[in-house]
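Chains, contacts and geometry: an overview
Listed here are the chains, written in short residue letters.
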Amino acid sequence: TARAASSPAPSPTSTPAPLPAGSPAPSGALLLAGSPPTILPVFTPSARARLLVFWKGGCPACDTALHLLSADAEALRILADVYAVRTASAGELPPSEPRLAEIPAIDSFDIGGEIARSLTLGTARPAAVLVSTEGAPVLPVAVGSDRIAELLGVIAQAASERAAP
């Protein structure tokens, strides 16, 4: 799979802290862009895994991460539904992002940053987390386009193993 040049690692201040042992399970729901918008509880059992890719506009490393999704589209379709997640305020959603039509990701919003907070992500972007079919996050969270590329490589490997006879 082709890979785009990746960005430098995030600064230590932007690295999320691991979830402490015994901490409550992450919580939150995505608001899926569309007409009408749909609410999707994230950390609940599902028939397919979910890959949440947190990004923000004007972030070159985020652009790289979104490009990586496009490069691994085939493998991602086999194993997971992909959500391109932006933080938004209640009642004030950013406009739809046309470039997401080019990648296998659903434009979605973390209202008030609830999901990012529950993953102790803070404002680190880009970041990605795989949520299992049981509804549990597969930790650690991948922060930075290099780590996201590694996570996508693992998903691509699992997809090729699943597709093998």
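Scroll up to find the structure.
A brief report on the enclosed structure follows. (Residues numbered from 1 in each chain as written. Predicted model: local features only at pLDDT ≥ 70, side-chain atom pairs only at ≥ 80, totals over all residues. Heavy atoms only, no water.)

1. Re the overall build of the chain
- Summing up its helical and strand segments, the chain has four helices and seven strands in all.
- Along the chain, helices (α) and strands (β) appear in the sequence β-β-β-α-α-β-β-α-β-β-α when read from the amino end.
- A buried classification covers 44% of the 165 residues belonging to the chain.
- Of the contacts formed within the chain by residues at least 6 apart in sequence, a portion of 67% connects residues at least 24 apart.
- For the chain, the exposed area adds up to about 8,400 Å²; of that, 59% sits on carbon and sulfur atoms. (Helix = DSSP H or I, 4+ residues; strand = E, 2+ residues; numbered from the N terminus. Buried < 20%, exposed > 50% of the residue type's maximum accessible area, 1.4 Å probe, protein only. Contact = heavy atoms within 4.5 Å. Areas by Shrake-Rupley, 256 points an atom, 1.4 Å probe, with all protein chains shown as cover.)

2. Structural notes on the layout of surface pockets
- In this model, the second largest pocket occupies a volume close to 190 Å³.
- In this structure, the second largest pocket is lined by 14 residues; those nearest its centre are Ala49, Leu79, Ala80, Leu130 and Thr133.
- Residue assignment for the lining of the second largest pocket shows that the elements contributing at least two residues are helix 2 (73–79) and helix 4 (145–163).
- Among the residues making up the lining of the second largest pocket, the classes are represented as 10 nonpolar, two polar and two charged. (1 Å grid on protein atoms, 1.4 Å probe; cavity = no way out; pocket = protein on both sides within 12 Å on 5 of 7 lines; lining within 4 Å. Points joined across faces, edges and corners; volume = space filled by probe spheres on them. Nonpolar A, V, L, I, M, F, W, Y, C, P; charged D, E, K, R; others polar.)

3. What about the sheet that holds strand 1 (residues 29–32)?
- Across the sheet, seven strands lie side by side as 2-1-5-4-3-6-7; this open sheet has mixed pairing. The open sheet terminates on both sides in strands that have one partner only, identified here as strand 2 (38–41) and strand 7 (137–143). Between one strand axis and the next, the sheet turns by 30 degrees as a mean value, whatever way the strands run.
- Strand direction decides the pairing type here: strand 3 (residues 49–54) and strand 6 (residues 127–131), joined by five bridges, are antiparallel. The residue of strand 6 that forms the bridge with leucine 52 is valine 129. (Pairing = 2+ DSSP bridges. Axes fitted to C-alpha atoms, helices over the stretch in contact; angles between N-to-C directions.)

4. Some remarks on the pattern of salt bridges
- Using the criterion set out here, one finds three salt bridges in the structure.
- Aspartate 81 is paired through a salt bridge with arginine 48; the nearest N and O atoms lie 2.8 Å apart. Separated by 33 residues along the polypeptide, aspartate 81 in strand 4 (residues 80–88) and arginine 48 in the loop between strand 2 and strand 3 bring together distant segments of the chain. (Salt bridge = Lys/Arg side-chain N within 4 Å of Asp/Glu carboxyl O.)

5. A closer look at the pairing of strand 3
- The buried fraction of strand 3 amounts to six of the six residues, a majority that puts the element mostly inside the structure.
- Neither face of strand 3 is open: one carries Ala49, Leu51 and Val53, the other Arg50, Leu52 and Phe54, and all of them are buried.
- Of the pairings in the sheet, the one linking strand 3 to strand 4 comprises six bridges and is parallel in character. Residue pairing across strands places phenylalanine 54 opposite valine 85, the latter belonging to strand 4.

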